[in-house]
Amino acid sequence: MNLDAVRTFVTAADAGRFQDAAAELSVTQQAVSKRIAGLEQDLGVRLFARTARGARLTVDGQAFLPHARALLQAEERAAASVRPGSRALRVDVIGRQLAPAGLLRDFHRAHPHTELDVVTLFDADEAIAAVRSGAVDASFRALTQPARQLPDGVEAARVFDEPLQLLTGPGHAFANARAVTLGRLAGHRIWMPGVVTGTEWGAYYDDLAEAFGLTIDTIGPDFGIEPLLDAIADSAEPATLVGEQTRLVWPAGHDLRRIPLHGPTPVYPHSLVWHAGNPHPALTALRAHLGTARAGGPDSGAWVPRWAAGETSGPR
């Protein structure tokens, strides 16, 4: 199987548009289309359904995606096996639009000669296993289990408490509010189709909903952030919650509003996870950077789940 075509497929699946995949791979859009068409011909199935708004994975494409990722990981492991000590620092950031990616970008600006491989694993269990095995050097995660319950050799420290914001369309009841208290959100629909039961972010939002009597609706297919923004812009009813540092871009006509939450301020507790025996020199630099140059969350008047309340910010 042509691994360049597999890599192009994974990049296009993550990007959602062939044009964006072409930019990330530094090739033409025509080359992306040709590679994927060749892969589809080899497999005998359609991997993408082309639409006016981009490219959507077919059922076959969704089934093939985890195996395609595994192929690329196997390729990387094979290459790394013959160049020990020379690979880039590999860090899991959950999502490329979320706050941990911003923290890693800040680190790279401060250490521009450090080579980085940025990956996005699914949940904390997968990330911790990858850290333990050495597949990744570090991961940014919210940890629902105490540090003392992590596998032998795996360590963690809270590095950033990120305030949450309410994101609404222009017709929402709170669209013109300068700030909203959590208590006032009770009875209002908060739509978050990307929340998955059993994940660390699922546990966070379950606890938040229970603590403040919120209605967090996770029903509905998760088509990604852009369709969610479209739905919120077009309706006066649902709103959603986003991290203060989450990078969002929407059409000017959407007129979406990001509204701070107070009384208390809910913060999402990001921790850095690493293996104590990992010798990568850039890992030490990353931990030091997060301890001295990190953006700080609120020190008081903040809410975190019970499982995070006993943790403190800053690398140990």
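For clarity, every value in this text was computed on a predicted model and none was experimentally measured.

> Residues and numbers for the overall build of the chain, please.
The helix and strand tally for the chain stands at 10 helices and 13 strands. The C-alpha atoms of the chain give a radius of gyration of 21 Å, which matches the 20 Å a tight globule of 316 residues would have. Over its C-alpha atoms, taken along the principal directions, the chain stretches across nearly 55 × 50 × 35 Å. Put simply, the chain has 316 residues, and 44% of those count as buried. Taking contacts inside the chain between residues at least 6 apart in sequence as the whole, the part at least 24 apart equals 75%. As presented, the chain carries roughly 15,800 Å² of accessible surface, and 51% of it is formed by carbon and sulfur atoms.

> Tell me about the packing of helix 1 (residues 3-15) against helix 2 (residues 18-25), and name the residues and values.
Packing of helix 1 against helix 2 leaves a shortest axis separation of 8 Å and a crossing angle of 125°. Our classification of the angle between helix 1 and helix 2 gives oblique. Where helix 1 crosses over helix 2, the two elements pack in a sense that is right-handed. Within the contact between the two elements, helix 1 uses Thr8, Thr11, Ala12 and Ala15 and helix 2 uses Phe18, Asp20, Ala21, Glu24 and Leu25.

> How would you sum up the side chain of Arg158? Please name residues and give values.
Of note, Arg158 is situated in strand 6 (residues 154-168). The class for Arg158 is buried, based on a relative accessible area of 5%. Within the structure, the side chain of Arg158 is placed 2.9 Å from the backbone oxygen of Ala308, a separation counted as a polar contact.

> Account for the packing of aromatic side chains, with residues named and values stated.
Tallying each qualifying case throughout the model produces 8 aromatic pairs. The interplanar angle of 85° and the centroid separation of 5.4 Å between the aromatic rings of Phe18 and Phe48 together place this pair among those described as edge-to-face. Remark: Phe48 occurs in strand 1 (residues 48-51) and Phe18 occurs in helix 2; sequence separation between them is 30 residues. For the pair Phe18 and Phe48, one class covers both residues: buried. Ring plane angle 65° and centroid distance 5.6 Å describe the contact between Tyr204 and Trp303, whose orientation is recorded as edge-to-face. Residue Tyr204 is located in helix 7 (residues 200-212), and its partner Trp303 is located in strand 13 (residues 302-303); the two are separated by 99 residues in the primary sequence. Connected via pairs of aromatic rings, a cluster forms that spans Tyr204, Tyr205, Phe212, Tyr268 and Trp303.

> Can you break down the nonpolar core residue by residue, with the values?
Formed by 27 residues in total, the largest nonpolar core has its most connected members in Leu166, Leu185, Tyr204, Tyr205, Leu208, Leu241 and Leu261. Counting residues per element, the ones that place at least two in this core are strand 6, helix 7, strand 11 (257-262), strand 12 (265-275) and helix 10 (306-309). With 5 residues, the top contributor of residues to this core is helix 7.

> Go over helix 5 (residues 99-110), please, and point to the residues and values.
The end-to-end C-alpha distance of helix 5, which contains 12 residues, comes to 17 Å, matching closely the 16 Å that a straight helix rising 1.5 Å per residue would cover. Within the span of helix 5, buried status applies to Ala99, Pro100, Ala101, Gly102, Leu103, Leu104 and Phe107.

> Could you give me a rundown of helix 1, with the residues and numbers involved?
End to end, helix 1 covers 18 Å across 13 residues, agreeing with the expected 18 Å (1.5 Å per residue, within 8%). Residues of helix 1 that are buried: Ala5, Val6, Thr8, Phe9, Val10, Thr11 and Ala12. A side-chain oxygen of the first residue of helix 1 lies 2.8 Å from the backbone nitrogen of Asp4; this N-cap is Asn2. With its phi angle positive at about 85°, Gly16 sits one or two positions after the end of helix 1.

> How would you sum up the pattern of salt bridges? Please name residues and give values.
A full pass over the atoms with the stated rule returns 13 salt bridges. For Arg46, the salt bridge is made with Glu40, and the minimal N-O distance between the two is 4.0 Å. Arg46 sits in the partly exposed class, given a relative accessible area of 49%. One network of salt bridges, in which partners are shared, links Asp4, Arg7 and Glu75.

> Residue-level account of the pairing of strand 6, with values.
Counting buried residues along strand 6, 14 of its 15 residues qualify, which places the element largely inside the surrounding structure. Across 9 bridges, the pairing between strand 6 and strand 12 is antiparallel. Within strand 12, the residue paired with Val154 across the bridge is His275. Bridge count for strand 6 against strand 10 (residues 240-243) is 4 bridges, and the pairing is antiparallel. Looking at strand 10, one finds that Leu167 is bridged to Thr240. Note that strand 6 and strand 11 share 4 bridges and pair antiparallel.

Cut-offs and rules
Residues numbered from 1 in each chain as written. Predicted model: local features only at pLDDT ≥ 70, side-chain atom pairs only at ≥ 80, totals over all residues. Heavy atoms only, no water. Helix = DSSP H or I, 4+ residues; strand = E, 2+ residues; numbered from the N terminus. Rg over C-alpha atoms; globule rule 2.2 N^0.38 Å. Buried < 20%, exposed > 50% of the residue type's maximum accessible area, 1.4 Å probe, protein only. Contact = heavy atoms within 4.5 Å. Areas by Shrake-Rupley, 256 points an atom, 1.4 Å probe, with all protein chains shown as cover. Axes fitted to C-alpha atoms, helices over the stretch in contact; angles between N-to-C directions. Parallel < 35°, antiparallel > 145°, perpendicular 65-115°, else oblique. Left-handed = near helix turned anticlockwise from the far one by under 90°. Polar contact = N/O pair within 3.5 Å; in protein donor to acceptor, adjacent residues only side chain to side chain. Phe/Tyr/Trp six-rings, centres within 6.5 Å; stacked < 30°, edge-to-face > 60°. Core = buried A, V, L, I, M, F, W, Y, C linked by side-chain atoms within 4.5 Å. Expected span 1.5 Å × (residues − 1). Salt bridge = Lys/Arg side-chain N within 4 Å of Asp/Glu carboxyl O. Pairing = 2+ DSSP bridges.

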